[in-house]
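What follows is each chain in one-letter form.
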Amino acid sequence: MALVDEFMVAFGVWEEARPYLHLMVEEPEMALIVAMGGQAMTVEEIAARLGLPLDETEAFVRRCYSRYILHKETQDGLTRYAPADFYARLDHFAKYENWDDLPVEARRMLDQRFRQAFLERHRANVERKMQGLAAENALPNDTILLLHEVEEMIDSATDIIVQPCDCRRLGQNCSRPVETCVWLDEGARAALDRGFGRRLTKEEAKALVRRADQKGLMHTADSEWRTRGLHAICNCCADDCYPFRAALELGSKGVWPRSRYIASYNRDLCRLCGACVKRCHFQAFYHTDEKIEVNGKLRLDVRFDPDKCWGCGLCANTCTEKAIIMIPLNGL
């Protein structure tokens, strides 16, 4: 069997990616993954397996680790490296490497394939939550949070970095900001260990999430961070972000990502500016064909469908008349 075929099996490469694999993985990296046979190894063991000098192997392994060819695990003071997989490698490639060099049709195809893989990785746990059962492991983008809630998370963090949003890099379906994934504490340190992520102060991080909010991005994170620890804050759109795209396919609205609030619309205070219509990702606020005079100007009427609200708060944040406020759902 040719090296590339062995590598595709060992690394879980999708057949659709074969024509572009040479842009993502180098031949020595393929040989390493095949030689490791799915085992976790020390650098010394890898050097012996490859027949390379130790210092050369250390540099090679470090580069493979930074490129998400390998993962690292340390236990009882002993560090071992294990093969990553194509899913992790593609995620990193899209964020930091030559994703835009691929043809548009290839990027579209790989984005769809990645979305399917994301969906299958989390389907069972989402379905458990939809049945009222506890998830067996952590789900990404667990809960939709309001702006002040993610600012509180930032204030509690020690280490903060920002990375590009993998969803918007892979999907490229909207023009909203890309450098918006805020990683905190353990997650931040893990990214820095691989050599990636831009450090932020707390004030810089809060300014970033406020800008993201202004640009129409929703905030998701783990609402139980006080007990489970800080990890990341995602600033999401419905056009690209996999959790929202997957939730629409699974029908998990309100459960995952979990909604904790719902908008309350006071029609009497509304001046029909339409900002909420533009900001809402889910058409919960929408225009009708009817025109109403406001301060001498005819404006399209605005209506609200609470069944379509996900509770992100983007509408309330932009309403200058305070006609929209966010109301906690039961259980908060």
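Quantities reported herein were computed from a predicted structural model and do not represent experimental measurements.

S.K.: Where do I start with the overall build of the protein in this structure?
M.R.: Across its full length, the protein holds 15 helices and 12 strands. Dimensions along the principal axes, computed over C-alpha positions, put the protein at roughly 80 × 40 × 40 Å. Per-residue burial over the protein gives 49% buried out of 332 residues. Considering only residue pairs separated by 6 or more positions, the protein has 67% of its internal contacts joining residues 24 or more positions apart. For the protein, the computed accessible surface area is about 16,300 Å², with 48% contributed by carbon and sulfur atoms.

S.K.: Is there a simple way to think about the side chain of glutamine 163 in this case?
M.R.: Residue placement: glutamine 163 occurs in strand S4 (residues 160-163). Judged by its relative accessible area of 3%, glutamine 163 falls in the buried class. Within the structure, glutamine 163 has its side chain in polar contact with the side chain of tyrosine 96 (distance 2.9 Å). Those residues within four positions of glutamine 163 in sequence are excluded, and the remaining contacts are Lys95, Tyr96, Val178, Glu179, Thr180, Cys181, Trp183, Ala191, Phe196 and Gly197.

S.K.: It is not clear to me how the packing of helix H1 (residues 3-11) against helix H3 (residues 27-36) should be interpreted in this structure. Could you clarify?
M.R.: Packed helix pairs are specified by the crossing angle of their axes together with the interaxial distance, meaning the distance between the axes. One can describe the packing of H1 onto H3 by two numbers: an axis separation of 9 Å at closest approach and a directional angle of 60 degrees. Looking at the two axes, H1 sits oblique to H3. When you trace H1 past H3, the crossing you get is left-handed. The residues of H3 that touch H1, namely those facing Leu3, Val4, Glu6, Phe7, Ala10 and Phe11, are Glu27, Glu29, Met30, Ala31, Ile33 and Val34. Taken together, the residues of the contact of H1 with H3 sort by class into 9 nonpolar, no polar and 3 charged.

S.K.: How do you make sense of helix H6 (residues 86-96) when you look at a structure like this?
M.R.: One turn of the α-helix equals 3.6 residues, which is why residues spaced by three or four share an orientation. In terms of burial, H6 is largely enclosed, as 10 of its 11 residues are buried. Inspection of H6 places Phe86, Tyr87, Ala88, Arg89, Leu90, Asp91, His92, Phe93, Ala94 and Lys95 among the buried residues, and these make up the whole buried set.

S.K.: Would you mind going over the packing of aromatic side chains with me for this structure?
M.R.: Working definition: an aromatic ring pair is given by the centre-to-centre distance plus the angle between the planes. Applying the stated criterion to the full structure yields 15 aromatic pairs. When the ring of tryptophan 14 is compared with that of phenylalanine 86, the centres are 5.1 Å apart and the planes differ by 85 degrees; the resulting orientation is edge-to-face. On the criterion of sequence distance, the pair formed by tryptophan 14 in the loop between H1 and helix H2 (21-24) and phenylalanine 86 in helix H6 is long-range, its members being 72 residues apart. There is no split in this pair, since tryptophan 14 and phenylalanine 86 are both buried. Measuring from ring centre to ring centre gives 6.4 Å for tryptophan 14 and phenylalanine 114, while their planes differ by 75 degrees; the resulting arrangement is edge-to-face. With a gap of 100 residues between them, tryptophan 14 in the loop between H1 and H2 and phenylalanine 114 in helix H7 (residues 104-130) connect regions that are remote in the sequence. Of the two residues, tryptophan 14 and phenylalanine 114, neither departs from the other in class, the shared state being buried. We note arginine 121 situated over the ring of tyrosine 87; from NZ or CZ to the ring centre the distance is 3.6 Å. A cation over a ring is seen here: arginine 194 above tyrosine 68, with NZ or CZ 3.7 Å from the ring centre.

S.K.: What should I look at first to understand the nonpolar core in this one?
M.R.: Grouped burial of nonpolar side chains is what soluble globular proteins tend to show. Counting residues in hydrophobic clusters, the biggest one holds 88 residues, and the most contacted among them are Met24, Phe86, Leu90, Phe285 and Ile324. For this core, the leading source of residues is H7, giving 7 residues. Beyond its immediate sequence surroundings of up to four residues, methionine 24 is in contact with Arg67, Phe86, Arg89, Leu90, Phe93, Leu102 and Leu110.

S.K.: Explain unusual backbone geometry here, please?
M.R.: A negative phi angle characterises most non-glycine residues, just as the trans form characterises most peptide bonds. Residue proline 257 is bonded to the preceding tryptophan 256 through a cis peptide linkage, with omega at -15 degrees. As for its placement among the helices and strands, proline 257 is situated in the loop between helix H13 (242-250) and strand S9 (261-265). Positive phi values are uncommon outside glycine, yet asparagine 141 reaches one of about 50 degrees. If you trace the backbone, asparagine 141 turns up in the loop between H7 and strand S3 (143-145).

S.K.: What is the right way to look at the side chain of aspartate 213 in this model?
M.R.: Residue placement: aspartate 213 occurs in helix H11 (residues 202-214). By relative accessible area, which is 4% here, aspartate 213 ends up buried. Excluding its chain neighbours within four sequence positions, the residues that come into contact with aspartate 213 are Leu147, His219, Arg279, Leu314 and Asn317.

Reading the values: rules and limits
- Residue numbers run consecutively from 1 along every chain, following the written order of its sequence.
- The model is predicted, so local features are restricted to residues of pLDDT at least 70 and side-chain atom pairs to those at 80 or more, both for listing and for counting; the totals for chains, interfaces and linings are taken over all residues.
- Water and hydrogen atoms play no part in the side-chain values, which are based on all heavy atoms of the structure.
- A run of DSSP states H or I qualifies as a helix once it reaches four residues; a run of E qualifies as a strand once it reaches two. Both are numbered from the N-terminal end.
- The cut-offs for exposure are 20% and 50% of the maximum accessible area for each residue type, with area from a 1.4 Å probe on protein chains only; residues under the lower value are buried, those over the upper are exposed, and the others partly exposed.
- When checking whether two residues touch, look at their non-hydrogen atoms; a contact exists if any pair is within 4.5 Å.
- In this description, accessible areas are obtained by the Shrake-Rupley approach with a 1.4 Å probe, and a residue is regarded as covered only by the protein chains that are shown.
- Pairs of N or O atoms within 3.5 Å make up the polar contacts considered here, provided that, within protein, one atom can donate a hydrogen while the other can accept it, and that residues adjacent in sequence are counted only when both atoms are side-chain atoms.
- Angular values range over 0 to 180 degrees, each being the angle between N-to-C directions of two axes fitted as lines to C-alpha atoms, with helices fitted over their stretch in contact.
- By definition in this entry, angles of less than 35 degrees are roughly parallel, angles greater than 145 are roughly antiparallel, angles of 65 to 115 are roughly perpendicular, and the rest are oblique.
- It is the rotation of the near helix from the far one that decides the hand of a crossing: anticlockwise by less than a right angle makes it left-handed, clockwise makes it right-handed.
- Gly falls in the polar group here, along with every residue not listed as nonpolar (Ala, Val, Leu, Ile, Met, Phe, Trp, Tyr, Cys, Pro) or charged (Asp, Glu, Lys, Arg).
- Paired rings are identified among Phe, Tyr and Trp, the last through its six-membered ring, by centres lying within 6.5 Å, and are further divided according to the angle between planes into stacked (under 30 degrees), edge-to-face (over 60) and tilted (the rest).
- Either the NZ atom of lysine or the CZ atom of arginine qualifies as a charge over a ring when it sits within 6 Å of the ring centre and within 35 degrees of the ring normal.
- By nonpolar core we mean a set of buried residues, namely Ala, Val, Leu, Ile, Met, Phe, Trp, Tyr and Cys, connected to one another through side-chain atoms within 4.5 Å.

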